[in-house]
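Chain by chain, the residues:
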There are 2 protein chains.
Amino acid sequence: MASNFDHENHGRTEVPDVVVSRLPQYVRTLTQLLSEGVQIANSQQLGEKLQITPAQIRKDLSYFGRFGKQGRGYNVNHLLEELRQILGLTVTWNVAVVGVGRLGRAILSYPGFTPDGFQLVAALDDNPDVVGQDVGGLTVQPVAQLNDVIQRHEVSIAIVAVPIAYTQGVVDRLVECGVKAILNYAPIMPQVPEHVNVRNIDPLLSLQSMTYYLANGTVSE
Amino acid sequence: MASNFDHENHGRTEVPDVVVSRLPQYVRTLTQLLSEGVQIANSQQLGEKLQITPAQIRKDLSYFGRFGKQGRGYNVNHLLEELRQILGLTVTWNVAVVGVGRLGRAILSYPGFTPDGFQLVAALDDNPDVVGQDVGGLTVQPVAQLNDVIQRHEVSIAIVAVPIAYTQGVVDRLVECGVKAILNYAPIMPQVPEHVNVRNIDPLLSLQSMTYYLANGTVSE
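Since the model is a prediction, treat every value here as computed from it, not as a measurement.

**Student:** Could you clarify how one ought to interpret the overall build of chain A in this entry?
**Tutor:** A count of helical and extended segments in chain A gives 9 helices and 11 strands. Oriented by its inertia axes, the alpha-carbon framework of chain A measures out at about 60 × 50 × 35 Å. Classification of the 221 residues of chain A by burial places 50% in the buried group. In chain A, 56% of the contacts between residues at least 6 apart in sequence involve partners at least 24 apart.

**Student:** What is the right way to look at the relation of the copies chain B and chain A in this model?
**Tutor:** One copy of the chain maps onto the second through a rotation around an axis plus a translation along that axis. For the pair chain B and chain A, the superposition axis carries a translation of 0.0 Å, the fit reaches an RMSD of 0.0 Å, and the rotation angle comes to 180°. Taken together, the rotation and translation describe the operation of a two-fold axis. Of every C-alpha in chain B, the one belonging to B:Ile201 sits nearest the axis of rotation, 3.5 Å from it. Most of the interface of chain B is mirrored in chain A, where 100% of its interface residues again form contacts.

**Student:** Can you walk me through unusual backbone geometry in this structure?
**Tutor:** The bulk of non-glycine residues show a negative phi, and the bulk of peptide bonds are trans. All names here are of chain A. Backbone geometry at glutamine 51 places phi at a positive 55°, although glycine is not the residue there. Inspection of the secondary structure puts glutamine 51 in the loop between helix 3 (43-50) and helix 4 (54-62). Despite not being glycine, glutamate 154 shows a phi value in the positive range, around 45°. Here glutamate 154 is to be found in the loop between helix 7 (146-152) and strand 9 (157-160). By relative accessible area, which is 61% here, glutamate 154 ends up exposed.

**Student:** Any chance you could explain the pattern of salt bridges here in plain terms?
**Tutor:** Side-chain pairs of opposite charge can arise where the charged atoms are in close proximity. All names here are of chain B. Using the criterion set out here, one finds 10 salt bridges over all chains in the structure. We note a salt bridge from arginine 152 to aspartate 148, for which the minimum N-O separation is 2.7 Å. Of this pair, arginine 152 and aspartate 148 both sit in helix 7 (residues 146-152), 4 residues apart, which is roughly one turn of the helix. Classification of aspartate 148 as partly exposed rests on a relative accessible area of 39%.

**Student:** When you look at the sheet that holds strand 8 (residues 141-142) of chain A in this model, what are you seeing that I'm missing?
**Tutor:** The pairing of strands in a sheet happens through backbone hydrogen bonds and is either parallel or antiparallel. All names here are of chain A. Here we have 6 strands laid out as an open sheet, ordered 8-5-4-9-10-11, and parallel in their pairing. Among the strands making up the open sheet, the edge pair consists of strand 8 and strand 11 (197-200). Examined bridge by bridge, strand 10 (residues 181-184) and strand 11 share 4 bridges and lie parallel to one another. By the bridge assignment for strand 11, leucine 183 is matched with arginine 199.

**Student:** It is not clear to me how the pairing of strand 10 of chain A should be interpreted in this structure. Could you clarify?
**Tutor:** In regular strands, side chains alternate between the two faces of the sheet. All names here are of chain A. In strand 10, alternate side chains face the same way, and those of Ala181 and Leu183 on one face and Ile182 and Asn184 on the other are all buried. Relative to strand 10, strand 9 runs parallel, the two being bridged by 4 bridges. Paired with alanine 158 across the two strands is isoleucine 182, which belongs to strand 10. Between the parallel elements strand 9 and strand 10, the chain passes through helix 8 (residues 164-176) in a crossover that is right-handed.

**Student:** Could you clarify how one ought to interpret the packing of aromatic side chains in this entry?
**Tutor:** Ring pairs (aromatic) are described by centroid distance and by the angle formed between their planes. Residue and element names in this part refer to chain A. All chains considered together, the criterion is met by 6 aromatic pairs over all chains. Judged by centre distance (4.9 Å) and plane angle (80°), the rings of tyrosine 110 and phenylalanine 113 are edge-to-face. Assessed through its relative accessible area of 1%, phenylalanine 113 is described here as buried. When the centroid spacing of 5.1 Å and the interplanar angle of 85° are considered together, the rings of tyrosine 212 and tyrosine 213 count as edge-to-face.

**Student:** It is not clear to me how helix 9 (residues 203-216) of chain B should be interpreted in this structure. Could you clarify?
**Tutor:** Residues lying three or four places apart along an α-helix face the same way, a consequence of the helix completing one turn every 3.6 residues. Residue and element names in this part refer to chain B. Helix length check: helix 9 (14 residues) gives 21 Å between terminal C-alpha atoms against 20 Å at 1.5 Å per residue, within 8%. Of all 14 residues making up helix 9, 12 are buried, and the element is well covered by its neighbours. Within the span of helix 9, buried status applies to Pro203, Leu204, Leu205, Ser206, Leu207, Gln208, Ser209, Met210, Thr211, Tyr212, Tyr213 and Asn216. Looking one or two residues beyond helix 9, the residue adopting positive phi is glycine 217, at roughly 60°.

**Student:** Even after reading the chapter, I still don't get the domain arrangement of chain A, so can you show me in this structure?
**Tutor:** Many authors give the size of an interface as the accessible area that is lost as the parts come together. One can read the domain layout of chain A as domain 1 (7-86) and domain 2 (93-204). On a C-alpha basis, the centroid separation for the pair domain 1 of chain A and domain 2 of chain A is 30 Å.

**Student:** Sorry if this is basic, but what is going on with the sheet that holds strand 11 (residues 197-200) of chain B here?
**Tutor:** Residues and elements named next belong to chain B. Strand order in the open sheet formed by 6 strands is 8-5-4-9-10-11, and the pairing between neighbours is parallel. Edge positions in the sheet fall to strand 8 (141-142) and strand 11, since each has one partner strand and no second. Sheet topology note: the strand 5 (residues 118-125)/strand 8 ladder contains 2 bridges and is parallel. Paired with leucine 124 across the bridge in strand 8 is glutamine 141.

**Student:** Just to check I follow, could you spell out the environment of A:Asp60 for this structure?
**Tutor:** All names here are of chain A. When you line up the elements, aspartate 60 lands in helix 4. Between the C-alpha atom of aspartate 60 and that of arginine 105, which follows or precedes it by 45 residues, the distance is 36 Å. In this structure aspartate 60 touches Val19, Arg22 and Tyr26, once residues within four positions along its chain are discounted. Engagement of the side chain of aspartate 60 in a polar contact is seen with the side chain of arginine 22, the distance being 2.6 Å.

**Student:** How should I be thinking about the packing of helix 2 (residues 17-35) of chain A against helix 3 of chain A in this particular structure?
**Tutor:** Geometry of a packed helix pair, given as the angle between the helix axes and the separation of the axes. Residue and element names in this part refer to chain A. Two elements in contact, helix 2 and helix 3, have axes whose closest approach is 10 Å; the angle formed by their N-to-C orientations is 110°. The orientation of helix 2 with respect to helix 3, classified from their angle, is roughly perpendicular. Along the contact surface, helix 2 presents Gln25, Tyr26, Thr29, Leu30, Gln32 and Leu33, while helix 3 presents Leu46, Lys49 and Leu50. Along the lines of polarity and charge, the residues of the contact of helix 2 with helix 3 split into 5 nonpolar, 3 polar and 1 charged.

**Student:** What is the right way to look at the interface of chain B and chain A in this model?
**Tutor:** Between chain B and chain A, the contact holds 69 residues from the first and 69 residues from the second. Of the roughly 6200 Å² buried at the junction of chain B and chain A (both faces included), carbon and sulfur atoms supply 62%. Broken down residue by residue, the surface that chain B buries against chain A is led by B:Arg28, B:Met210 and B:Tyr212, which jointly contribute 12%. There are 2 salt bridges connecting chain B and chain A. In this structure, A:Arg28 and B:Asp202 form a salt bridge, with 2.4 Å as the shortest nitrogen-oxygen distance. Here chain B is connected to chain A by 18 residue pairs in polar contact (both at pLDDT 80 or more).

Criteria and thresholds
- Residues numbered from 1 in each chain as written.
- Chains lettered and ligands numbered in written order.
- Predicted model: local features only at pLDDT ≥ 70, side-chain atom pairs only at ≥ 80, totals over all residues.
- Heavy atoms only, no water.
- Helix = DSSP H or I, 4+ residues; strand = E, 2+ residues; numbered from the N terminus.
- Buried < 20%, exposed > 50% of the residue type's maximum accessible area, 1.4 Å probe, protein only.
- Contact = heavy atoms within 4.5 Å.
- Least-squares fit on C-alpha atoms with pLDDT ≥ 70 in both.
- Salt bridge = Lys/Arg side-chain N within 4 Å of Asp/Glu carboxyl O.
- Pairing = 2+ DSSP bridges.
- Right-handed = clockwise from strand over helix to strand, strands pointing away.
- Phe/Tyr/Trp six-rings, centres within 6.5 Å; stacked < 30°, edge-to-face > 60°.
- Expected span 1.5 Å × (residues − 1).
- Domains from an automatic or database assignment.
- Polar contact = N/O pair within 3.5 Å; in protein donor to acceptor, adjacent residues only side chain to side chain.
- Axes fitted to C-alpha atoms, helices over the stretch in contact; angles between N-to-C directions.
- Parallel < 35°, antiparallel > 145°, perpendicular 65-115°, else oblique.
- Nonpolar A, V, L, I, M, F, W, Y, C, P; charged D, E, K, R; others polar.
- Buried area = accessible area lost by both parts, 1.4 Å probe.

In structure tokens, the structure reads:
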């Protein structure tokens, strides 16, 4: 099956991180197309929605096997299911939020994670005034119990929303506890071992990359 | 001068957007090195901090001219100043925030934009209860006056923090008003003409790209 073929494959294939990072946008776009009743889409149509060149889309997908027949376009439902499999979006992932300040509370009350398979199962903070509070249905636990909380709730992913000064320390603790995926909201790039993934949510970096185009009068492709 | 050479150049050169998007991280890392008194850094050292391969760093920088002498490393201060010039970070950019809900308020009260040259000059919302309120030192103005506000405050960049259902509409309005750089917080990819840049802040997409590595037991390079 194409499916099995893919899954045996991409553990070995070296897929560039930039390609992996684009796949969730493919999933979102395909989901939208499906909800609009679109069953077949070619790379041209996907490219317009994703604002990626059709050539890039064909190249990205080629890492994972053959999804479309030349000139026939992609079966939206099939491609969507394959990509959800490839991205590990067919299972539920337990997520812990470390740092329950203004940002942490906004994250804990954001309803968008759960429907997409990310279960917020624990909230931790160092502030004794915050520990014990109920936030978004979770009782805030002390960071001192990080290891225990992560084991007990089988946490795979941590969202870190602590001040810059504490970020690297918390990230180090998380890595020690075996967490391999960290979403960091502090405006720094935490250092982690090679086997750990960090994604940084940083509006400033996004703004600073757009000013390049404003300053140079060019546009991104 | 290398500087002028670069600036004449990269208006013409086609720099991949993925490269442009990395440059702000270079700026941040170089700033940190400089604050630590580091004056010369080679691509190896930069690569470790940025978690990018030294080869990629040399390739990225090569788009903008010669910054380092083979085996001599980069002059941190010189490279930093060049990159700040290239990214348009030596001037101040006026920013409007559209949408003053929970997220918009968090953005308006975030102190990190101003020191880096992004001046929040206007806040707009459609909700009559919110219009007229003082948020982060700005009086919230009605979206109906968007065009006037953008002209009056010479807004170059808009941050959009409105619900999904309103996002594309607001983005269309901003584009009509001549805004060429938009930072969107809604979990959709707004469609814009080619001459406009959009960056999307979307924690869900980041999480969904990390699960690829969790599901496949590989790590991003």
